[in-house]
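# Summary of structural features
So you can see what is in the structure, the chains are spelled out below.
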Amino acid sequence: MKPPIILINYKAYENSYGEKGVEISKKIEKVSKDYGVPIIISVPATMIYKLSQILEIPVYAQHVDALRHGAHTGAILPEMIKDAGAKGSLLNHSERKIRLDEIHEAVTRIRDLGLESVVCADSYELVHPLALLRPNAILIEPPELIGSGRAVSKEKPEVITRAVNEIKKVEGVYLIAGAGITTGEDVYKAIELGADGIGVASAVMKSSTPEKIVEDFVINVLKAIDKKK
Ligand code: G3P
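Note that the structure is predicted; figures quoted are calculated from it, not measured.

The next subject is the overall build of the protein chain. The helix and strand tally for the protein chain stands at 10 helices and 8 strands. For 229 residues, the compact-globule estimate of 2.2 N^0.38 gives 17 Å, and the protein chain sits close to it at 16 Å. Seen along its three principal axes, the alpha-carbon backbone of the protein chain occupies a region of about 50 × 40 × 30 Å. Going through the 229 residues of the protein chain one by one, you find that 52% of them count as buried. A separation of at least 24 residues holds for 66% of the contacts in the protein chain among residues at least 6 apart in sequence. A total accessible area of about 10,500 Å² is found for the protein chain, and carbon and sulfur atoms account for 51% of it. Across the protein chain, the 30 positively charged side chains and the 31 negatively charged ones have centroids separated by 1 Å.

Quick look at the structure:
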């Protein structure tokens with residue numbers, strides 16, 4: 001993983017699986033290839049194998065259970081997502097929280113398997129402690145802005161700047177910002193504030209032209225990076 005990081009979380013939207021899931025993924029991959037910018041897609045567990053077979057962009061799980069092989073009905077282990085073709089996993093999303101010891105165990109096991117992890121944090125105060133667990137990146141998302149259409153970079157820019165200061169305390173962990181990101185301008189602002197990338201869901205998944213939204217995001221990521229040089 002290296003910046004800029006664009007992570008699209010499919011959640012359980014109706015186009016997150018099946019033929020629609022394949023269709024939107026191909027569109028996202030095309031934008032990624034056209035601009036030479038990697039885009040991570042975080043997909044329902046049932047789609048990991050199918051999408052990994054047909055795509056070159058990194059496919060992530062949305063969650064894994066920090067359990068070992070054995071009698072755990074319904075569990076999705078790090079080994080299982082690797083076998084299905086995932087390059088990594090989101091962990092501790094606001095909509096799928098896990099305990100601190102579970103985050104630690106999952107991050108460690110994921111790393112040992114040669115996969116990547118992105119750990120979500122609800123507040124900037126949690127960025128440093130979670131970064132000490134050494135995931136590849138922390139995704140800062142104020143829960144009240146998730147799915148709101150009101151971008152963290154505009155509504156709560158201080159959350160990003162404080163999170164950026166916190167992540168600097170740990171070497172080698174990136175900071176991604178998400179929640180309510182809707183426009184290219186929101187994306188530009190997040191990068192300008194110091195984020196290494198953005199996480200997004202509804203603006204892409206609920207759009208009738210997701211490829212246009214993603215393209216606008218990519219253009220603005222590149223523009224913001226260029227401006228910083
Ligand atoms: O994981 C990213 C997600 O929680 C952000 O959601 O809908 O506000 O872009 P959304």
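And the narrative resumes.
What follows concerns the site of the ligand. The environment of the ligand is made up of Asn 9, Lys 11, His 93, Glu 141, Ile 146, Gly 147, Ala 179, Gly 180, Val 200, Ala 201 and Ser 202. In this structure, Lys 11 approaches the ligand through a side-chain N or O atom, which is 2.9 Å from an oxygen atom. The backbone of Gly 180 places a nitrogen or oxygen atom 2.7 Å from an oxygen atom of the ligand. Computed on the free molecule, the ligand has an accessible area of 310 Å², of which 100% lies beneath the protein chains in the complex.

To continue, consider the pairing of strand S6 (residues 137–140). Successive residues of a regular strand alternate their side chains across the two faces of the sheet. Taking every second residue as pointing to the same face, both faces of S6 are buried, with Ala 137 and Leu 139 on one and Ile 138 and Ile 140 on the other. In terms of strand pairing, strand S5 (residues 116–121) meets S6 through 4 bridges, oriented parallel. If you follow Val 118 over to S6, its bridge partner there is Ala 137.

Before going further, it helps to examine the pattern of salt bridges. A complete count under the given rule lists 19 salt bridges for this structure. Across the pair Asp 101 and Arg 99 runs a salt bridge, and its minimum N-O distance is 2.8 Å. Assessed through its relative accessible area of 45%, Asp 101 is described here as partly exposed. Between Arg 109 and Glu 105 there is a salt bridge, with the nearest N and O atoms lying 3.1 Å from each other. Note that Arg 109 and Glu 105 are positioned in helix H4 (residues 100–112) at a spacing of 4 residues, about one turn of the helix. Residue classification places Arg 109 among the buried positions, given a relative accessible area of 6%.

Turning to helix H10 (residues 210–228), a few remarks are in order. One full turn of an α-helix is made of 3.6 residues, so residues set three or four places apart face in the same direction. Under the 1.5 Å per step criterion, the end-to-end length of H10 is 27 Å for 19 residues, consistent within 8% with the ideal 27 Å. For H10, the complete set of buried residues consists of Pro 210, Val 214, Phe 217, Val 218, Asn 220, Val 221 and Ala 224. In a view along the axis of H10, the buried residues occupy a sector of 165°, so they form one face of it. Facing away from the buried side of H10 by over 90 degrees, the exposed positions are Lys 212, Asp 226 and Lys 227. Residues of H10 that are buried sit in contact with strand S1 (5–9), helix H1 (18–35), strand S2 (39–43), helix H8 (184–192), strand S8 (197–200) and helix H9 (202–205).

Mapped onto the fold, His 63 is located in the loop between strand S3 (59–61) and helix H3 (78–84). For His 63, a relative accessible area of 10% translates into the label buried. Here the side chain of His 63 touches Asp 65 through a polar contact of 2.9 Å, side chain to side chain. When residues no more than four places from it in sequence are discounted, the contact partners of His 63 are Ile 76, Ser 89, Leu 90, Arg 96 and Ile 98.

As summarised here, the arrangement of the 8 strands in space is S1-S2-S3-S4-S5-S6-S7-S8, forming a closed barrel in which the pairing is parallel. Within the sheet, the average angular offset between the axes of one strand and its neighbour, ignoring direction, is 25°. Its contacts with the sheet put H4 on strand S4 (88–91) and S5, and the angle it makes with S5 is roughly 160°.

What counts as what
Residues numbered from 1 in each chain as written. Predicted model: local features only at pLDDT ≥ 70, side-chain atom pairs only at ≥ 80, totals over all residues. Heavy atoms only, no water. Helix = DSSP H or I, 4+ residues; strand = E, 2+ residues; numbered from the N terminus. Rg over C-alpha atoms; globule rule 2.2 N^0.38 Å. Buried < 20%, exposed > 50% of the residue type's maximum accessible area, 1.4 Å probe, protein only. Contact = heavy atoms within 4.5 Å. Areas by Shrake-Rupley, 256 points an atom, 1.4 Å probe, with all protein chains shown as cover. Lys, Arg positive; Asp, Glu negative; His and termini not counted. Charge placed at Lys NZ, Arg CZ, Asp CG, Glu CD. Near = heavy atom within 4 Å. Polar contact = N/O pair within 3.5 Å; in protein donor to acceptor, adjacent residues only side chain to side chain. Pairing = 2+ DSSP bridges. Salt bridge = Lys/Arg side-chain N within 4 Å of Asp/Glu carboxyl O. Expected span 1.5 Å × (residues − 1). Arc of directions from axis to C-beta. Axes fitted to C-alpha atoms, helices over the stretch in contact; angles between N-to-C directions.

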